[in-house]
Amino acid sequence: MALRLTLKPHERAILGGAVLTNGKHRAELFVETEVPVLRGADILSPASVRTPCERIVLSIQLMYVDPQRRPAHEQSYRELVDDVLDASPSTRRLIEPIDEAVRAGRYYPALKLGRQLLAYEKDLLAHVR
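Below, the structure is looked at part by part. Since we're looking at a predicted model, the values are computed, not measured.

**Re the pattern of salt bridges**
The final tally for this structure, using the stated rule, is seven salt bridges. In this structure, Glu-11 engages Arg-39 in a salt bridge whose closest nitrogen and oxygen atoms are separated by 3.0 Å. Here Arg-39 lies in strand E5 (residues 37–39) and Glu-11 lies in the loop between strand E1 (3–7) and strand E2 (12–15), a separation of 28 residues in the sequence. You can call Arg-39 partly exposed: its relative accessible area is 29%.

This is the structure we're talking about:
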């Protein structure tokens, strides 16, 4: 069954490693093969990443959309996870299911779980002066 992807005007998406930008009208695409797909709202750009947990999620995103460089992205991911766990052991309960998904090669579910990690980090940082 095809994946139906609806893009808003000027919305971006990553489809199989290619970055797409929609025109001025709403567009509907049907993806008939299994390839990495990310909608604009789910895409982290390297330039916008500021926090350690955002870097973790970006490394997972890169593992998902850039399989040719996956070993380098995974090494970066592992280092970032170790650093975050050292600095904030309370993140372990959120990172463990993400890491299970990454180890199983299930990058999209890991990205979805990463949203919870980002929300937790945002809450932690909100209490820092």
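**Side note on the packing of aromatic side chains**
Aromatic ring pairs are described here by two measures, namely the spacing of the ring centres and the angle between the planes. Under the definition given, this model contains one aromatic pair. Relative to Tyr-108, the ring of Tyr-64 has its centre 5.9 Å away and its plane inclined at 45°; by these criteria the two rings are tilted. Here Tyr-64 is found in helix H1 (residues 52–65), whereas its partner Tyr-108 is found in helix H4 (residues 107–126), with 44 residues between them in sequence. Across the ring face of Tyr-120, the terminal group of Arg-93 is positioned such that the distance to the ring centre comes to 5.0 Å.

**Quick look at the environment of Leu-15**
Position of Leu-15 relative to the elements: it lies in strand E2. Separated by 24 residues in sequence, Leu-15 and Arg-39 place their C-alpha atoms 8.6 Å apart. Look past the residues within four positions of Leu-15 in its chain and what remains in contact with it is Leu-20, Val-31, Val-35, Pro-36 and Val-37.

**Describing the side chain of Asn-22**
For Asn-22, the position within the fold is in the loop between strand E3 (18–21) and strand E4 (27–31). With relative accessibility at 13%, the residue Asn-22 sits in the buried group. Within the structure, the side chain of Asn-22 is placed 2.7 Å from the backbone oxygen of His-25, a separation counted as a polar contact. When near neighbours in sequence (up to four residues on either side) are disregarded, Asn-22 contacts Leu-7, Lys-8, Pro-9, His-10, Glu-11 and Ala-27.

**Details of the sheet that holds E5**
The strand order E3-E2-E5 describes an open sheet built from three strands, whose pairing is antiparallel. Bordering the open sheet on either side are E3 and E5, each of which pairs with just one other strand. For this sheet the average axis-to-axis angle between neighbouring strands, irrespective of direction, equals 20°.

**Structural notes on unusual backbone geometry**
Of note, the phi angle at His-10 is positive, near 65°, even though the residue is not glycine. Relative to the assigned elements, His-10 resides in the loop between E1 and E2. On the accessibility criterion, His-10 (56% relative accessible area) is exposed.

**Some details on the pairing of E3**
Here E2 pairs with E3 via four bridges, running antiparallel. Within E3, the position partnered with Ile-14 by the bridge is Val-19. Between E2 and the antiparallel strand that follows it, E3, lie two residues; Gly-16 among them carries a positive phi value of about 60°.

Rules behind the numbers
Residues numbered from 1 in each chain as written. Predicted model: local features only at pLDDT ≥ 70, side-chain atom pairs only at ≥ 80, totals over all residues. Heavy atoms only, no water. Salt bridge = Lys/Arg side-chain N within 4 Å of Asp/Glu carboxyl O. Helix = DSSP H or I, 4+ residues; strand = E, 2+ residues; numbered from the N terminus. Buried < 20%, exposed > 50% of the residue type's maximum accessible area, 1.4 Å probe, protein only. Phe/Tyr/Trp six-rings, centres within 6.5 Å; stacked < 30°, edge-to-face > 60°. Lys NZ or Arg CZ within 6 Å of the ring centre and 35° of its normal. Contact = heavy atoms within 4.5 Å. Polar contact = N/O pair within 3.5 Å; in protein donor to acceptor, adjacent residues only side chain to side chain. Pairing = 2+ DSSP bridges. Axes fitted to C-alpha atoms, helices over the stretch in contact; angles between N-to-C directions.

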